[in-house]
Amino acid sequence: MVSFRNGFLLLLLVQIGLLPGCVRRRMTIRSNPPGALVYVDDQKIGVTPVSTSFTYYGTRKFRLIQDGFETQTAMQKFSPPWYQIPGIDFVTENLVPYEFRDEREVSFDMIPQRVVSNDELLGRANALRSATQAGYTVPPVPANDNVPSLPTDSPYPAPFYPER
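Residues numbered from 1 in each chain as written. Predicted model: local features only at pLDDT ≥ 70, side-chain atom pairs only at ≥ 80, totals over all residues. Heavy atoms only, no water.

J.: Tell me about the packing of aromatic side chains, and please be specific about residues and values.
T.: Tallying each qualifying case throughout the model produces four aromatic pairs. A centroid spacing of 5.6 Å and a plane angle of 85° characterise the contact between Phe 54 and Tyr 57, whose relative ring orientation is edge-to-face. For Phe 54, a relative accessible area of 6% corresponds to the buried category. Ring plane angle 40° and centroid distance 5.5 Å describe the contact between Phe 54 and Phe 78, whose orientation is recorded as tilted. Here Phe 78 lies in strand E6 (residues 72-78) and Phe 54 lies in the loop between strand E4 (50-53) and strand E5 (58-65), a separation of 24 residues in the sequence. Judged on exposure class, the residue Phe 54 and its partner Phe 78 are both buried. What links up through ring pairs into an aromatic cluster is the set Phe 54, Tyr 57, Phe 62, Phe 78 and Phe 108. Its guanidinium or amino end placed over the ring of Tyr 39, Arg 63 lies 4.5 Å from that ring's centre, counting from NZ or CZ. (Phe/Tyr/Trp six-rings, centres within 6.5 Å; stacked < 30°, edge-to-face > 60°. Buried < 20%, exposed > 50% of the residue type's maximum accessible area, 1.4 Å probe, protein only. Helix = DSSP H or I, 4+ residues; strand = E, 2+ residues; numbered from the N terminus. Lys NZ or Arg CZ within 6 Å of the ring centre and 35° of its normal.)

Okay, structure coming up:
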């Protein structure tokens, strides 16, 4: 009786080992209009619409480049689903005989590139020239302190602006 019970437990463990679950993570990036070159975390992925697998959750940096449109850069946070919470993830990836699929979709509307007049371009050039002559190596802080900031959980360093 005892050996039958041990044999049954061994058979059950072997069966669980042969039918492991797994998690498939995939992100799809789309743009309107399609055809933009996509970089995710500064790695070239392809041309929209494009899909790729990913391993880790967190904040991702997306950059889309397309002729005739403004380059778009955005930070997108991917939060883990319930079955990827630490502790539960061991069970769902190793013991549950089911494949979990986590499909994420990110869409961007491309903004047509604005044609800059010669006067505006010369004004910007003169502003940069006077800033470098004043000793600035980066553009000064905007007057209204409308400085873009990165999310607090960003892996990227905060931008540096010289004091006024």
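J.: Can you tell me about the pairing of strand E2 (residues 37-40), naming the residues and giving the values?
T.: Bridge analysis of E2 against strand E3 (residues 43-47) gives four bridges, and the strand direction is antiparallel. From the neighbouring strand, Val 38 faces E3, where its bridge partner is Gly 46. Linking E2 to E3, which pair antiparallel, is a turn of two residues; within it Asp 41 sits at a positive phi near 50°. Two strands pair when backbone bridges link them, and E2 and E5 are joined in this way by four bridges, in the antiparallel orientation. Bridge pairing in E5 places Val 38 opposite Leu 64. (Pairing = 2+ DSSP bridges.)

J.: Just give me the short version of the pattern of salt bridges, but keep the residues and values in it.
T.: Side chains that differ in sign of charge can pair as their charged atoms come close. By the definition in use, this model includes five salt bridges. We note a salt bridge from Arg 114 to Glu 120, for which the minimum N-O separation is 3.1 Å. (Salt bridge = Lys/Arg side-chain N within 4 Å of Asp/Glu carboxyl O.)

J.: Account for the nonpolar core, with residues named and values stated.
T.: Grouped together as the largest cluster of nonpolar side chains are 14 residues, with contacts concentrated most on Met 27, Ile 29, Phe 62 and Leu 64. Filtering out sequence-adjacent residues up to four positions away, Phe 62 remains in contact with Met 27, Ile 29, Tyr 39, Val 40, Gln 72, Thr 73, Ala 74, Gln 76, Phe 78, Val 106 and Phe 108. (Core = buried A, V, L, I, M, F, W, Y, C linked by side-chain atoms within 4.5 Å. Contact = heavy atoms within 4.5 Å.)

J.: Lay out the sheet that holds E2 with the relevant residues and their values.
T.: Strand pairing in a sheet is mediated by backbone hydrogen bonds. Such pairs are either parallel or antiparallel. In space, the four strands of this open sheet follow the order E3-E2-E5-E6, with antiparallel pairing throughout. In this open sheet, the two edge strands, each paired with only one partner strand, are E3 and E6. The sheet shows a mean angle of 25° between the axes of neighbouring strands, direction not considered. (Axes fitted to C-alpha atoms, helices over the stretch in contact; angles between N-to-C directions.)

J.: Outline the environment of Ile 111, supporting the account with residue identities and numerical values.
T.: Take Ile 111: it is sitting in the loop between strand E7 (99-109) and helix H3 (118-133). Each C-alpha atom, one on Ile 111 and one on Gln 72, is 8.3 Å from the other, the two residues being 39 residues apart in sequence.

J.: Could you give an account of the sheet that holds E7, with specific residues and numbers?
T.: An order of E4-E1-E7 is seen for the three strands of this open sheet, with the pairing classed as mixed. Only two strands of the sheet have a single partner each, and these edge strands are E4 and E7. The mean inter-strand angle of the sheet, taken between neighbouring strand axes irrespective of direction, is 20°. Alignment of strand E1 (residues 22-32) against E4, held across four bridges, turns out to be antiparallel. Across the sheet, residue Arg 26 finds its bridge partner in E4, namely Ser 53.

J.: Which residues make up unusual backbone geometry, and what values go with them?
T.: The amide bond that connects Asn 32 to the next residue, Pro 33, takes the cis arrangement and shows omega of 0°. Mapped onto the secondary structure, Pro 33 falls in the loop between E1 and E2. Looking along the chain, the bond that leaves Thr 48 and enters Pro 49 is cis, with omega of -5°. Looking at the element boundaries, Pro 49 is found in the loop between E3 and E4. Despite not being glycine, Asp 41 shows a phi value in the positive range, around 50°. Within the secondary structure, Asp 41 is located in the loop between E2 and E3.

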